[in-house]
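# Survey of secondary and tertiary structure
This is what each chain is made of:
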Amino acid sequence: MCNCSEHESTSLSKMTAASVAPAMRPQVPLSRQISFTDEEAGDQSASTDLQPIPPFRLCKLDFREGCYQINFRPTASLVSFEGTLRVDRSAPDGGADHLIVSGDLYSRLPVIKPPIPPVGNKDADEAAADSSLTSLAASLSAVDEPAIPFPIRRPRIPIFPRARYHSYLRVTSVSAPVAVPFPKKCELTIVAEQFNYTQPPAGQFKGTFPATPSRTVTLRLSKVPAPFPFSLTGGPFYQGRLFEGGVDKGSITLAWVSKFFRRCTLEIDTLVGAVRPAPVPDGAGGTEFFDTIFAKTGWQLSVVQDQQNVPVPAGVVPTNCWSSADLHALMTSVRNPATNLDTEWRVHMIVVPAKLGCSRGIMYDQIGVPREGCASFSDDGYPVGDSSNFGLAANKKQRDVPRAFLRSATHELTHTLNQIHQEQETAADNSIMTTTPSVADVLGGPATGAPGVFPDQIALAHNTNVRHHLNHMPDPVIRPGGWPFASWFPTGAPQAADRHDFDPSELSLTVTANTDRVALGQPLDLTWTMTNNSGVSLRAPNDVSIEALFASITVTDAEGRERPVRPFTILCEHAKLAQLEPGKSVTASAKVFWSTSGFAFEKPGRYRVDVAVSWSAQGVMVGAQSGIDVFVDYPTSSTDNHSANLVLHPEVGKWVALGGDAYHLGEACRRLQALSQTETATRAAPGDGPAAPRAIDGFADLLPDRAKLARLRPELTTGGGRAAGTPSRAAAPGRKRATKAKKRTGRKG
């Protein structure tokens, strides 16, 4: 394994070849290719044959690739701004100049002293003779300067608090002159569209960007000697002014801090009996690991191999398939409690054994906050039922196929950075964000005619499309603890220009529910089936669950407001595009209740529930969609109101999303226990007492088991140990109660 902070890798452009263009554009501002407006880039001037014949001077602006720290001080404002600017000069999708530039700004409270020592307002030649202190020795020895705290650290890519995020910069042009006539200054000119960000409401994570730029700004910058501590980086430093519509808005500085664009930390914990991914040969005498894979993309990834032999949770058989609730509880308990996602970008990975046929990896949209962690299964692997092209890896465990294991774990890690499958966004290829079965099929299937190349020829790299997203999407979309998973990707019913739907006579999607009326607070059991009605085989997803990411659910209220129902568990390693034979179908289901976007049915009234199944076919978005109408009844009693108040809580939402049995969610246990007691009390009432709350019908198979609750949450049970001694009641109700629930939910309005 290499230390990426010092890794002098080959060019960042050496990665998986450019992909098919995305079938849908992200619903966030995103920088794209630009070019220098002058004939040559400023940093190429040292090797040019052009001589400084008077009255011209050569410019050595050195606008090199990497991350810059940007500081902007408005002229008439107490609030200043700081952030990063990413100059990507080896972008495979960057056009003729291979150039894409993007940035993010964060607001900053007033400070008494400037964070960067002022530099005289001089051009590059005059500034060279300036007496400003640029060396560490001089800075330490200056009698008029305050003491510099130890340890002295070289500047690196800065991290800023999420709540201070202000705006995204989409750079549209860069001008870096090779030579200018005297007395004109050598100036770097950057034009950017600024998209001001609206922070999310309390308790939510997804804010909003405007559809059009908030303003267009022009940065006019001169290269000057870098003040301490930026002099330690050996990179260029610029200062100048920011203009809007020709009006000077304030001073700005740009300091190069790293050859990488972003930085992040990966913390790996390993359960007893599991084996974590290991470095693998790179074919050139070195090794590849998480850090080198991300270095090729342009990220500085630090790997912390932390806790080993993490104890197995009580009641869990680690070599079986893990329930979503048990794994979520484990990840919640072992993550580093000192992690502060406002001071570092950090992802937690837990490695557990499991067994063949479960899943190679999983990610939860939320542990404490969105996209904070993922899991990898060392004893699952490559069953031939997933692909007939696994070659020598067929039916082996991941721990026994190191290259494929590292690829799969990196796939889950990249999910935590909000990246989706390429079968959905572009096309299956030999890259990290294509699912494992599809990679095997691409390598050994009809696309290559070369069976047996999996796993040795797996490319441990992100493709061009994912590279672009990782380097240039806005910070809140990418960073752990930012936007919920895939919330930048269009959901619902796309416009005709975005997607081509199958005719129902070719491929149909049928959506059904157990009822068309639910009580306020009652989950809706939804099922959908996609059927090939044509006379030929069609290439389509083999898994249409929302966890596999090909399907999406959107709920629209009577006022036309759309709310996506996003998957809480991303479980997709068996999913791929496969042949769907004529007359064959694939079916999936979900409880529509809560996701990280909130509750599907927040209040009574009429709703439309739509399901869309989408994928990319040769770079074109195709799919099918259908839906049903649902009415949410108004509460008719205090019992209905009370039960709705109990269950319309995010902790209960997580309980439902995890499939129940999530006893680590204490508030959910308390509320569902109270719901169960409400039902018991109403049933015990004599004569014409209040009816049992209707909302409980949707929890018929989700209520806590009394014995488990007494053992794991004794504080919630009446009489303490007495409850634990009662006969165990399964999460599902008795047959008689379940039958009555079905009759109630099946009635028509």
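Above this text is the structure in question.
Residues numbered from 1 in each chain as written. Predicted model: local features only at pLDDT ≥ 70, side-chain atom pairs only at ≥ 80, totals over all residues. Heavy atoms only, no water.

### Thoughts on the packing of helix 3 (residues 290–297) against helix 5 (residues 402–416)
- Direction vectors running N to C along helix 3 and helix 5 enclose 60°, while the axes themselves pass 11 Å from each other. Classified by the interaxial angle, the pair formed by helix 3 and helix 5 is oblique. Where helix 3 crosses over helix 5, the handedness of that crossing is right-handed. Along the contact surface, helix 3 presents Phe290, Ile293 and Phe294, while helix 5 presents Leu406, Ala409, Thr410, Leu413 and Thr414.
- Tallied by class, residues from the contact of helix 3 with helix 5 come to six nonpolar, two polar and no charged. (Axes fitted to C-alpha atoms, helices over the stretch in contact; angles between N-to-C directions. Helix = DSSP H or I, 4+ residues; strand = E, 2+ residues; numbered from the N terminus. Parallel < 35°, antiparallel > 145°, perpendicular 65-115°, else oblique. Left-handed = near helix turned anticlockwise from the far one by under 90°. Contact = heavy atoms within 4.5 Å. Nonpolar A, V, L, I, M, F, W, Y, C, P; charged D, E, K, R; others polar.)

### Regarding helix 8 (residues 464–472)
- Counting buried positions along helix 8 yields nine of nine residues, so the element is predominantly enclosed.
- Looking at helix 8, one finds that the buried residues are Thr464, Asn465, Val466, Arg467, His468, His469, Leu470, Asn471 and His472.
- The residue sitting at the N-terminus of helix 8 and contributing the capping side-chain oxygen is Asn463; that oxygen lies 3.2 Å from the backbone nitrogen of Asn465. (Buried < 20%, exposed > 50% of the residue type's maximum accessible area, 1.4 Å probe, protein only. Polar contact = N/O pair within 3.5 Å; in protein donor to acceptor, adjacent residues only side chain to side chain.)

### Focus: the state of the cysteines
- Tallied over the full model, the rule gives two disulfides.
- At a sulfur-sulfur separation of 2.0 Å, the disulfide partner of Cys59 is Cys186. One quick way to see it: the torsion about the S-S bond of Cys59 and Cys186 is about -80°, and its sign makes the bridge left-handed. Within this pair, whereas Cys59 is found in the loop between strand 1 (56–58) and strand 2 (66–74), its partner Cys186 is found in the loop between strand 6 (179–181) and strand 7 (187–196), the two being separated by 127 residues in sequence.
- With relative accessibility at 10%, the residue Cys186 sits in the buried group.
- Between Cys321 and Cys358 runs a disulfide, and the two sulfur atoms are separated by 1.9 Å. Looking along the S-S bond of the Cys321-Cys358 disulfide, the torsion reads about -90°, which is the left-handed sense. A residue pair is termed long-range when its members are at least 10 positions apart, and Cys321 in the loop between strand 14 (299–305) and helix 4 (324–334) and Cys358 in the loop between strand 15 (346–352) and strand 16 (361–364) qualify at 37 residues.
- Residue class for Cys321 comes out partly exposed when judged on its relative accessible area of 44%.
- Sequential numbering of the bridged cysteines in the protein gives the disulfide pattern 1-2, 3-4. (Disulfide = S-S within 2.5 Å.)

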